[in-house]
Structure formats: C-alpha cells, structure tokens
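Each chain is listed here by its residues.
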Amino acid sequence: IGAWDSIEIEAVIIVLMALSMVNFPTALLIIRRQYRPALNSGEIRVSSLLLPIGAVLLFIGATRLVYDGTAEKTRIAIFEGVSALSTTGFTITEYTGWPGAGILVLIVMMVIGGGDTSTNGGLKQNRLYILYRTIRWEIRHTLTGKDEPQDHQIWHGSMKIPVGDKVLRQTAAFVTFYIVILLTGVFVVALHGYTLQESLFEFASTLGTVGLSLGITAADAPDTLLLTQSFGMLLGRLELFTLLIGVARPVVDTVELIEEEAGTGI
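If you're wondering where the values come from, they're calculated on a predicted model, not measured in any experiment.

(A) How the structure looks around the overall build of the chain. The helix and strand inventory of the chain stands at 11 helices and 2 strands. In the chain, the order of α-helices and β-strands from amino to carboxyl end is α-α-α-α-α-α-α-β-β-α-α-α-α. Dimensions of the chain along its principal axes, counting C-alpha atoms only, are 80 × 50 × 40 Å. Taking all 266 residues of the chain together, the buried fraction comes to 39%. Within the chain, contacts between residues at least 6 apart in sequence are counted, and of these 61% link residues at least 24 apart.

And the structure:
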C-alpha cells in the first residue's frame, strides 16, 4: 500500500478497514439507513473512542518523532491505528526506529481487535465493552449502595442483550484465557532470543491474526517459532473455546461411552 504513496488510495482503504470492524447486525442497520439504532451499539462507541485516541497517541508517541512534515505524521498515525484495531494488517511504513510508546499502542489495539461477529480478530470490542460496563455498574453500586438489577442490558444491533452472570463468566473466562495464551506465546517467541517488545508485538499480531510484523516472521525464521505462530493464528481465527470444544468434545464422548460400557459389563 505504501508503494503507491497515494492519500486517495489510503483514504479508501481506511474507510474499508473501519467498516470491517462493524458487527453484522449493526452493519445491517447501517445498510437499511437506521442510523440511530446503529449508534446505540456499544462497539460503535468503543471504535469511535479508540480510533481517534489511538491515532493521537501514535502521533505523539511515534510518528511525530520519526517522520518529517505534519501531514505525513498524521497520515501514518491514522492509517496504522485503523489497521491495528481492525486487525487487517495493511501498513504504509516500517516500524524500524519507532519508539516503544508507539509499538505499545499498536500492541494494545491489536489485542482489542474489532467487533463481535465481524471479520476481525482480537479479543473483540464487545467483550471490552461488557467489562467496562460491569466495572461502571460496580462502581456506581459501591458509591450509591443501591442494589443494581440482576440483569443489565447492552445494545447489539437492534436488540438489547441481557448481561447476566453467565455472560460475565463467559466474557471473563475468554479474556483470561486469551491473555494466558498471549503470554505463553510471547514467552516462546522470547526464547528464540528476541526482546520482550519484539516478542509481544509479534505474538499479539499472530493471535489477533493481524499480519503486522517487526520483521521476525519470515521464511527463514526457526521452525519452532513458525509452528508456534501457526497454532496461535489457528486459535485466534477459530476463537479459543470453539477450537478447544471441537477437539475435546469427541474425547469426552469417547470416555463417557467407555465408562458407560464398563458400568453395564459390556
């Protein structure tokens, strides 16, 4: 993309990357021009907040110090921020010489990812929004002492989705498991002699199925590193619990069948 050096091309791609973050129910509302219900979506609010904040932080923490001209600095900050959050992996620059602050912003955005039921990877903004609302409800309950409703609700498309204990447990379990897998992958990458910053960036990109790289992922990379990343991409694309259930369920069924047959003396 950077080879064209075209603001017009980059602008079109930025719009398409941003649209890829929208979950399908909300995208349907936008197609039907039902903009007011679409704006109720928590993920739209998260994206609207994270994109400008990410671009500003990238400008302050990276592009302002590396590139010449305000226009180029702003252009790169916006493009790279949208690319990282949408996990689409397009880039118009190299990260050689980028300060740690800019790399950290990209890592955080890659970990968060796009919308639930969208084409993006990452933790998904809906889970982040659920955790944010839960923290907000808990703080309000602590400050006011008033009992909160047992089931809170958030907008998803044109429907209100109840956020009860089951949803909170599933969200917390997924986020925790995601972080454990991320840290495990970072450790394996670091074992190959890379710095913590390089390892964290590379495996955050791997698990989020992003594609951005500091140059570690290459054809001549060690086989153990590429196999680790391959497994990470598989987990990230199929989602952790989906893959584990798909693998574990047949094993559990087989064990239960054996126990049942042993109990009946067959």
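(B) Summary view of the nonpolar core. Ranked by internal contacts, the top residues of the largest apolar core, which has 42 residues, are Trp98 and Phe201. Of all the secondary structure elements, the ones that give two or more residues to this core are helix H1 (7–20), helix H4 (42–66), helix H5 (70–86), helix H6 (100–112), helix H8 (165–191), helix H9 (196–207) and helix H10 (223–238). Ignoring any residue separated from it by four or fewer positions in sequence, one finds phenylalanine 201 in contact with Tyr95, Ile103, Leu106, Ile107, Met110, Leu212, Ser213 and Leu214. Counting 6 residues, the second-largest nonpolar core is a separate cluster that includes Val46, Tyr129, Trp137 and Val163.

(C) How the structure looks around unusual backbone geometry. Residue aspartate 5 is not a glycine yet carries a positive backbone phi of 50°. Position of aspartate 5 among the secondary structure elements: in the segment before H1. In this structure, threonine 87 is a non-glycine residue whose phi angle is positive, near 55°. Residue position: threonine 87 is located in the loop between H5 and H6.

(D) Structural detail: the environment of valine 167. You can see valine 167 is positioned in helix H8. On a C-alpha basis, the gap between valine 167 and glutamate 94 in space is 40 Å, while along the polypeptide they are 73 residues apart. Aside from chain neighbours lying at most four places away, what touches valine 167 is Ile130 and Pro162.

(E) Expanded view of the pattern of salt bridges. Considering all chains together, one arrives at 2 salt bridges under this definition. Its salt-bridge partner being glutamate 10, residue arginine 75 comes within 2.6 Å of it at the nearest N-O pair. Of the two residues, arginine 75 sits in helix H5 while glutamate 10 sits in helix H1, which places them 65 residues apart along the sequence. Linked through salt bridges whose partners overlap, the residues forming this network are Asp5, Glu10 and Arg75.

(F) Representation of a nonpolar patch on the surface in the model. A surface patch of nonpolar side chains, about 380 Å² in accessible area, is lined by Val12, Val15, Leu16 and Leu19. Along the chain, valine 12 turns up in helix H1.

(G) Representation of the packing of aromatic side chains within the structure. One pass over the structure, following the stated rule, counts 4 aromatic pairs. When the ring of tyrosine 129 is compared with that of tyrosine 132, the centres are 6.2 Å apart and the planes differ by 40°; the resulting orientation is tilted. Of this pair, tyrosine 129 and tyrosine 132 both sit in helix H7 (residues 125–144), 3 residues apart, which is roughly one turn of that helix. By relative accessible area, which is 7% here, tyrosine 129 ends up buried. Residue tyrosine 132 is classed as partly exposed on the basis of its relative accessible area of 44%. Connected via pairs of aromatic rings, a cluster forms that spans Tyr95, Trp98 and Phe201. Lying across the ring of phenylalanine 174, arginine 127 places its NZ or CZ 3.6 Å from the centre.

(H) Spatial organisation of H6. An ideal rise of 1.5 Å per residue puts 18 Å on 13 residues; H6 measures up with 18 Å between its terminal C-alpha atoms. Considered for burial, the residues of H6 that qualify are Gly102, Ile103, Val105, Leu106, Ile107, Met109, Met110, Val111 and Ile112. In this fold, the buried residues of H6 make contact with H4, H5, H7, H8 and H9. Backbone geometry just downstream of H6 places glycine 113 in the positive-phi region, at approximately 75°.

(I) Summary view of the packing of H6 against H9. Between H6 and H9, the least distance of the axes is 9 Å, while the angle of their chain directions is 25°. Taken as axis vectors, H6 and H9 run roughly parallel relative to one another. Crossing angle aside, the handedness with which H6 passes H9 is left-handed. Contacts from Gly100, Ile103, Leu106, Ile107, Met110 and Val111 in H6 reach Gln197, Leu200, Phe201, Ala204 and Ser205 in H9. Looking at the contact of H6 with H9, its residues break down into 8 nonpolar, 3 polar and no charged.

Calculation criteria
- Residues numbered from 1 in each chain as written.
- Predicted model: local features only at pLDDT ≥ 70, side-chain atom pairs only at ≥ 80, totals over all residues.
- Heavy atoms only, no water.
- Helix = DSSP H or I, 4+ residues; strand = E, 2+ residues; numbered from the N terminus.
- Buried < 20%, exposed > 50% of the residue type's maximum accessible area, 1.4 Å probe, protein only.
- Contact = heavy atoms within 4.5 Å.
- Core = buried A, V, L, I, M, F, W, Y, C linked by side-chain atoms within 4.5 Å.
- Salt bridge = Lys/Arg side-chain N within 4 Å of Asp/Glu carboxyl O.
- Patch = residues over 30% accessible without salt bridge, like charges linked within 9 Å, V, L, I, M, F, W, Y side chains within 5 Å.
- Areas by Shrake-Rupley, 256 points an atom, 1.4 Å probe, with all protein chains shown as cover.
- Phe/Tyr/Trp six-rings, centres within 6.5 Å; stacked < 30°, edge-to-face > 60°.
- Lys NZ or Arg CZ within 6 Å of the ring centre and 35° of its normal.
- Expected span 1.5 Å × (residues − 1).
- Axes fitted to C-alpha atoms, helices over the stretch in contact; angles between N-to-C directions.
- Parallel < 35°, antiparallel > 145°, perpendicular 65-115°, else oblique.
- Left-handed = near helix turned anticlockwise from the far one by under 90°.
- Nonpolar A, V, L, I, M, F, W, Y, C, P; charged D, E, K, R; others polar.

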